[in-house]
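Observations on the three-dimensional arrangement
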Amino acid sequence: MHIIHTISELRQWRAQAGRVAFVPTMGNLHQGHLALVEEAHRRADAVVVSIFVNRLQFGQGEDFDRYPRTLQEDADKLRGAGVAVLFAPDEKELYPRVAQEYNVEPPHLQNELCGRFRPGHFRGVATVVCKLFNIVQPDVACFGKKDYQQLAVIRGMTEDLNMPVEIVPVDTGRAADGLALSSRNAYLSPEERAQAPQLYALLLDMAAQIRGGRQDYAQMEEAAVARLTAQGWEVDYVEVRHGGNLAVAHAGDKHVVVLAAARLGHTRLIDNIEINLDAGFQAA
Ligand code: PAF
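In this report, the structure presented in the accompanying data block is examined. Bear in mind that the values here come from a model prediction, so they are computed numbers and not experimental data. (Residues numbered from 1 in each chain as written. Predicted model: local features only at pLDDT ≥ 70, side-chain atom pairs only at ≥ 80, totals over all residues. Heavy atoms only, no water.)

**Let's talk about the site of the ligand**
Surrounding the ligand, one finds Pro-24, Thr-25, Met-26, Asn-54, Gln-57, Val-125, Val-128, Val-129 and Gln-150. The contact in question runs from an oxygen atom of the ligand to an N or O atom on the side chain of Gln-57, over 2.6 Å. Burial of the ligand by the surrounding chains reaches 89%, relative to a free accessible area of 290 Å². Secondary structure elements with two or more residues in the shell around the ligand: strand 2 (20-25) and helix 6 (121-136). If you tally residues by element for the shell around the ligand, the top one is helix 6, at three residues. Class assignment for the residues of the shell around the ligand results in five nonpolar, four polar and no charged. (Near = heavy atom within 4 Å. Polar contact = N/O pair within 3.5 Å; in protein donor to acceptor, adjacent residues only side chain to side chain. Areas by Shrake-Rupley, 256 points an atom, 1.4 Å probe, with all protein chains shown as cover. Helix = DSSP H or I, 4+ residues; strand = E, 2+ residues; numbered from the N terminus. Nonpolar A, V, L, I, M, F, W, Y, C, P; charged D, E, K, R; others polar.)

This is the structure:
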């Protein structure tokens, strides 16, 4: 595996590579990331993984400084997973000017759901992913469905800006008790870790009710927030949205997603569950 730190070296490698699949990450890799790498292998001749903790997508008071940086361990995992290139630029390489003057501005969706609680986050994500796409020039890029809103923003960006990259969504990796795999799970105390699967349990219950015919989404959301709050969570939101464009869901929608974000102590967890009510529906 080549470990590349500069854009020029990456471009040289890219010039002689065939079909490339790309997995952008912020490192501290877990099984969920390796599932993205596995999917990437199915789609191309060579897999490139980037590790870059992107300051632009962290708000004030968020965990940019304490975000786990584990490059050596990550490199070992990626080598074992047959990755061709680990691209690990430093901040000066990716953001040579102190402030990034041109940015990718996602539409109103960036201010909803997680965006309501993390102003500027999706602008930072879209901007760095656009830069990485321009540098790596992948044919395909894999993104986890755990970050469902991020996936929607990236899909919208590639479609509207005619980026020649196929976006491949990959199912959320979960621990045996249902907790969605995330680098931030490492922040949970043992007590919080034991409690954390309550979030997915709630989503499963809501999905079962929706599959059973419930469509009073506003009431369901209110009950869900009350349930998590009673269990000791500080809830940002639980919302039922259209599974494609993330518009507010309406009775009769055939593809919906329930998305939730809530805090246990200082740790903010997100999760979601997709529900297809149309028997013939194929998730993209
Ligand atoms: O999902 C992530 O890890 C990040 O948001 C991404 C896509 C690598 C952009 O920094």
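**Brief notes about the pairing of strand 7 (residues 234-242)**
On a regular strand, each side chain points to the face opposite its neighbour's, so the side chains alternate between the two faces of the sheet. Among the nine residues of strand 7, seven are classified as buried, and the element is accordingly described as predominantly covered. Judged from the eight bridges that link them, strand 7 and strand 8 (residues 255-264) form a sheet pairing that is antiparallel. Across the sheet, Arg-241 pairs through a bridge with Val-257, a residue of strand 8. (Buried < 20%, exposed > 50% of the residue type's maximum accessible area, 1.4 Å probe, protein only. Pairing = 2+ DSSP bridges.)

**Re the packing of helix 6 against helix 7 (residues 148-160)**
In the contact formed by helix 6 and helix 7, the axes pass within 10 Å of each other and the chain directions differ by 50°. Classed by the angle they form, the pair helix 6 and helix 7 counts as oblique. Here helix 6 runs over helix 7; the crossing is right-handed. In contact with Phe-122, Val-125, Ala-126, Val-129, Cys-130 and Phe-133 of helix 6, helix 7 contributes Gln-149, Gln-150, Val-153, Ile-154, Met-157 and Thr-158. Classifying every residue of the contact of helix 6 with helix 7 by side-chain character gives nine nonpolar, three polar and no charged. (Axes fitted to C-alpha atoms, helices over the stretch in contact; angles between N-to-C directions. Parallel < 35°, antiparallel > 145°, perpendicular 65-115°, else oblique. Left-handed = near helix turned anticlockwise from the far one by under 90°. Contact = heavy atoms within 4.5 Å.)

**Things to note about the packing of helix 1 (residues 7-15) against helix 6**
Running from N to C, helix 1 and helix 6 point in directions that differ by 50°, and their axes come no closer than 9 Å. As the angle between them shows, helix 1 and helix 6 are arranged oblique. Contacts between helix 1 and helix 6 involve Ile-7, Leu-10, Arg-11 and Arg-14 from the former and Asn-134, Ile-135 and Val-136 from the latter. Of the residues contributing to the contact of helix 1 with helix 6, the split by class is four nonpolar, one polar and two charged.

**With respect to the sheet that holds strand 8**
Pairing in this open sheet of three strands is antiparallel, and the strands run 7-8-9 from one edge to the other. One side of each edge strand has no neighbouring strand; the edge strands of this open sheet are strand 7 and strand 9 (267-276). Recorded for the sheet is a direction-independent mean angle of 10° between the axes of neighbouring strands. Sheet strands touched by helix 9 (residues 198-211): strand 7, strand 8 and strand 9. Its angle to strand 9, the strand with the most contacts, is close to 20°. Against the sheet, helix 10 (residues 217-230) engages strand 7 and strand 8, with an angle of about 155° to strand 7.

**Thoughts on the pattern of salt bridges**
Under the criterion given, the structure shown has 22 salt bridges. Between Arg-118 and Glu-62 there is a salt bridge, with the nearest N and O atoms lying 2.7 Å from each other. In this pair, Arg-118 sits in the loop between helix 5 (114-117) and helix 6 while Glu-62 sits in the loop between strand 3 (46-51) and helix 3 (71-80), placing the two residues 56 residues apart along the sequence. Using a relative accessible area of 11% as the deciding quantity, one classes Arg-118 as buried. (Salt bridge = Lys/Arg side-chain N within 4 Å of Asp/Glu carboxyl O.)

**A look at unusual backbone geometry**
Despite not being glycine, Leu-113 has its phi angle at roughly 50°, a positive value. Here Leu-113 is to be found in the loop between helix 4 (91-94) and helix 5. Exposure remark for Leu-113: the relative accessible area of 1% places this residue in the buried category.

**Quick look at the environment of Arg-14**
The residue Arg-14 is located in helix 1 in this model. Between the C-alpha atoms of Arg-14 and Arg-227, which are 213 residues apart in sequence, the distance is 50 Å. Residues contacting Arg-14, with those up to four places away along its chain left out, are Val-20, Val-136, Gln-137 and Asp-139.

**Concerning the state of the cysteines**
Under the counting rule described, the total for this entry stands at zero disulfides. Cys-130 provides the cysteine sulfur closest to Cys-142, a residue in no disulfide bond, and the two sulfurs are 18 Å apart. Take Cys-142: its relative accessible area is 1%, and that puts it in the buried class. (Disulfide = S-S within 2.5 Å.)

**What to know about the packing of aromatic side chains**
Here the structure, examined in full by the defined rule, presents six aromatic pairs. On the basis of an interplanar angle of 55° and a centroid distance of 5.8 Å, the ring pair of Phe-52 and Tyr-95 is categorised as tilted. Residue Phe-52 is found in the loop between strand 3 and helix 3, and its partner Tyr-95 is found in the loop between helix 4 and helix 5; the two are separated by 43 residues along the sequence. Across the pair, Tyr-95 and Phe-52 agree in class, each one buried. A ring pair is formed by Phe-117 and Tyr-237, whose centres lie 6.1 Å apart and whose planes are at 25°; its orientation type is stacked. Of the two residues, Phe-117 is situated in helix 5 and Tyr-237 in strand 7; the sequence distance between them amounts to 120 residues. The ring centre of Phe-64 lies 4.8 Å from the NZ or CZ of Arg-69, which sits over that ring. The ring of Tyr-200 carries the charged tip of Arg-174 above its face, separated from the ring centre by 3.5 Å. (Phe/Tyr/Trp six-rings, centres within 6.5 Å; stacked < 30°, edge-to-face > 60°. Lys NZ or Arg CZ within 6 Å of the ring centre and 35° of its normal.)

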